[in-house]
Amino acid sequence: MPAPARGAYGKMEAVPLVPPYIESLRPYEAGRTIESVRRQYGLTRIAKLASNENPLGASPKAIEAMAASLHGLNYYPNGGLDLREVLAREYEVKVENVIAGSGSEGIMSNIIRAFLCDEDEVLTTEAAFIGFQVLAKSRGVKYRTVPYADWHYDLPALAAQINEHTKIVYLANPNNPTGAIFTKQQFDQFYKHVPERVLIILDEAYFEYAKDNPRYPDSMHYRYDNVITLRTFSKIYGLAGARIGYGFAHEELIRNLLKVKLPFEPSTPAQAAGIAALGDKEFLHRSLELNARGLRFLTEGLQSLGLPVVPSQANFVMTVLPSEQEAARAFETLLAQGVVVRPLKAFGLPNCIRISTGTDEDNRLCMEAWRKIYVADAGTAKAG
Ligand SMILES: Cc1ncc(COP(=O)(O)O)c(C=O)c1O
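Small disclaimer: the values here were computed from a predicted structure and weren't measured.

Rules used in this analysis
Residues numbered from 1 in each chain as written. Predicted model: local features only at pLDDT ≥ 70, side-chain atom pairs only at ≥ 80, totals over all residues. Heavy atoms only, no water. Pairing = 2+ DSSP bridges. Helix = DSSP H or I, 4+ residues; strand = E, 2+ residues; numbered from the N terminus. Axes fitted to C-alpha atoms, helices over the stretch in contact; angles between N-to-C directions. Contact = heavy atoms within 4.5 Å. Near = heavy atom within 4 Å. Polar contact = N/O pair within 3.5 Å; in protein donor to acceptor, adjacent residues only side chain to side chain. Nonpolar A, V, L, I, M, F, W, Y, C, P; charged D, E, K, R; others polar. Buried < 20%, exposed > 50% of the residue type's maximum accessible area, 1.4 Å probe, protein only. Phe/Tyr/Trp six-rings, centres within 6.5 Å; stacked < 30°, edge-to-face > 60°. Lys NZ or Arg CZ within 6 Å of the ring centre and 35° of its normal. Salt bridge = Lys/Arg side-chain N within 4 Å of Asp/Glu carboxyl O. Core = buried A, V, L, I, M, F, W, Y, C linked by side-chain atoms within 4.5 Å. Parallel < 35°, antiparallel > 145°, perpendicular 65-115°, else oblique.

As for the sheet that holds strand β2 (residues 98-101)
Neighbouring strands of a sheet are bound in pairs by backbone hydrogen bonds; such pairs are parallel or else antiparallel.
Moving on, step 1. In space, the seven strands of this open sheet follow the order β2-β8-β7-β6-β5-β3-β4, with mixed pairing throughout. Single-partner strands in this sheet number two, and they are β2 and β4 (142-146). In this sheet, neighbouring strand axes are inclined to one another by 20° on average, regardless of whether the strands run parallel or antiparallel.
Moving on, step 2. Sheet analysis places strand β3 (residues 121-125) next to β4, joined by five bridges and oriented parallel. Residue valine 122 lies in a different strand from β4, and its bridge partner there is tyrosine 143.
Moving on, step 3. Contacts from helix α4 (residues 81-91) reach β2, β7 (227-232) and β8 (245-248) within the one sheet, and its direction differs from that of β2 by about 140°.

As structure tokens, then:
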């Protein structure tokens, strides 16, 4: 065999180095950036409504704290200890019950590394949050799902599917991509059927948007030994780019998670931003008000076009189109008008689209773009 040219890699025939469960994974596809859409379509105004980010930016206090932390960049971070102490005080738990990491996905990845053995199984809903899907599947264990019931987690069906191999049950509440929640009563019923050897991940990335709903089960009120709560600064706190999240659990779980966590995550600036963001109640309030307005506006607007919308308790709505082709066409047509939304084929819902709430102007631009598709269609249909 001729030697490959200097500097070029050879051909890997049977890829024996790559396990089949990695080979078959589809890499995570990030949403389009504002700049790439602007360049492609020559547009000046882009509404980025694809990744459930905070359209107001980050809390000014967080930015200030992050900037102030930069003078210490030559020192290694302290593994999130400052944030863990702040959260422990705020939630009246021990520091040993708290973990901080590079986003809640960073902590999810640690959970998967720390607790799953080869013969264990993971159980969740169909079309669960894609980040979790990718992480769990990359571990090569059996990944089992239960269909949605009217776009909600079907907790009774999930409870019925728990078997002797089930190790992790993943529940996102509110759920991404549907925006739906399960209630306290539903969770209490479910919990009765979960053996103590099964770990429940309660992913509360959108907790702040739902916490004032009296039916919402804030998992910090439970503190069960086999439940780990995950939260993030990526959503309402507007710090997705900083990568900072946290979790609460029994100290034995946290102690073992800390063994596999990369010791210097989260970064020092991310931690400083997170701590300051927690204290900026005014920013939180403003973000909640804008989101509530946006949810109403988008829900009513889409419904007025005859598009079904799942009632959302988060910062996005999901709409269901008649077919995969129509969802793909809507996505492309919106994109060409500068409105970037999230097609949900990769989640496993090819005829659905998720739209994050934006600024009032983003939301208006979005609905104008949808109207152009559907009102134009109605006109064509009549003319035809
Ligand atoms: C349900 C859910 N969990 C976790 C995350 C990821 O959060 P983070 O940025 O903290 O990793 C997201 C982000 O979209 C999400 O929707």
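Examining the site of the ligand
Moving on, step 1. Residues in close proximity to the ligand total 14 residues, the closest being Ser104, Asp203, Tyr206, Thr232 and Ser234.
Moving on, step 2. At 2.8 Å from an oxygen atom of the ligand is found a side-chain nitrogen or oxygen belonging to lysine 235.
Moving on, step 3. The contact in question runs from an oxygen atom of the ligand to an N or O atom on the side chain of arginine 243, over 2.8 Å.
Moving on, step 4. Looking at the shell around the ligand, the element that brings in the most residues is helix α5 (residues 103-115), giving four residues.
Moving on, step 5. The residue makeup of the shell around the ligand, split by class, is five nonpolar, five polar and four charged.

Regarding the pairing of β7
Moving on, step 1. Burial within β7 is extensive, with six of its six residues counted as buried.
Moving on, step 2. Side chains Val227, Thr229 and Arg231 project from β7 onto one buried face, and the interleaved Ile228, Leu230 and Thr232 project onto a second face that is buried too.
Moving on, step 3. Sheet topology note: the strand β6 (residues 199-203)/β7 ladder contains four bridges and is parallel. Residue pairing in the sheet places leucine 202 in a bridge with threonine 229 of β7.
Moving on, step 4. For β7 and β8, the ladder comprises four bridges, and the chain directions are antiparallel. Residue pairing in the sheet places threonine 232 in a bridge with glycine 245 of β8.

Overview of the packing of aromatic side chains
Moving on, step 1. With the rule as written, the count across this model stands at 18 aromatic pairs.
Moving on, step 2. Taken together, a centroid distance of 5.1 Å and an interplanar angle of 70° make the contact between phenylalanine 187 and tyrosine 222 edge-to-face. Of the two residues, phenylalanine 187 is situated in helix α8 (residues 184-191) and tyrosine 222 in the loop between α9 (207-210) and β7; the sequence distance between them amounts to 35 residues. Across the pair, exposure class does not vary: phenylalanine 187 and tyrosine 222 are buried alike.
Moving on, step 3. Considering the side-chain rings of tryptophan 370 and tyrosine 374, the 6.1 Å spacing of their centres and the 20° angle between planes classify their relative orientation as stacked. Linking tryptophan 370 with tyrosine 374, this pair stays in helix α14 (residues 360-383), spanning four residues, or about one helical turn.
Moving on, step 4. The class of tryptophan 370 is buried, set by a relative accessible area of 0%.
Moving on, step 5. Aromatic ring contacts, followed pair by pair, group Tyr153, Phe182, Phe187, Phe190, Tyr191, Tyr222 and Tyr224 into a single cluster.
Moving on, step 6. Lysine 137 extends its terminal NZ or CZ atom over the ring of tyrosine 143, reaching a point 4.8 Å from the ring centre.

Some thoughts on the pattern of salt bridges
Moving on, step 1. All told, the structure shown has 15 salt bridges when counted by the stated rule.
Moving on, step 2. Across the pair lysine 94 and glutamate 251 runs a salt bridge whose closest N-O atoms are separated by 2.5 Å. In this pair, lysine 94 is assigned in the loop between α4 and β2 and glutamate 251 in helix α10 (residues 251-260), connecting sequence segments 157 residues apart.
Moving on, step 3. Take glutamate 251: its relative accessible area is 30%, and that puts it in the partly exposed class.
Moving on, step 4. Residue lysine 167 pairs with aspartate 120 through a salt bridge whose shortest N-O separation is 2.8 Å. On the criterion of sequence distance, the pair formed by lysine 167 in strand β5 (residues 166-172) and aspartate 120 in the loop between α5 and β3 is long-range, its members being 47 residues apart.
Moving on, step 5. On the basis of relative accessibility, which here comes to 11%, the residue aspartate 120 falls in the buried class.

Notes on the nonpolar core
Moving on, step 1. With 56 residues, the main nonpolar core has Ile111, Phe132, Tyr170, Leu171, Phe187, Phe190 and Ile200 as its most contacted residues.
Moving on, step 2. If we ignore the near neighbours within four places in the chain, the residues touching phenylalanine 132 are Met108, Ile112, Val122, Thr124, Tyr143, Ile168, Tyr170 and Ile201.
Moving on, step 3. In terms of nonpolar packing, the next biggest core, distinct from the first, is built from 33 residues, Val93, Ala100, Ile236 and Tyr246 among them.

Concerning the packing of α5 against α10
Moving on, step 1. Interhelical geometry of α5 versus α10 gives an angle of 95° and a closest axis separation of 9 Å. In terms of axis orientation, α5 runs roughly perpendicular to α10. The segment α5 lies against α10, with Asn110, Ile111, Arg113, Ala114 and Phe115 engaging Leu253, Asn256, Leu257 and Val260.

What to know about the environment of glutamate 35
Moving on, step 1. Inspection of the secondary structure puts glutamate 35 in helix α2 (residues 34-41).
Moving on, step 2. Spatially, the C-alpha atom of glutamate 35 lies 8.8 Å from that of isoleucine 46, the residues being 11 residues apart in sequence.

Points about the sheet that holds strand β9 (residues 316-320)
Moving on, step 1. With respect to topology, three strands assemble into an open sheet ordered β9-β12-β11, the strand pairing being antiparallel. Each edge of the open sheet carries a strand with a single partner, namely β9 and β11 (342-343).
Moving on, step 2. Two strands pair when backbone bridges link them, and β9 and strand β12 (residues 352-356) are joined in this way by five bridges, in the antiparallel orientation. Its bridge partner being in β12, phenylalanine 316 is matched across the sheet by serine 356.

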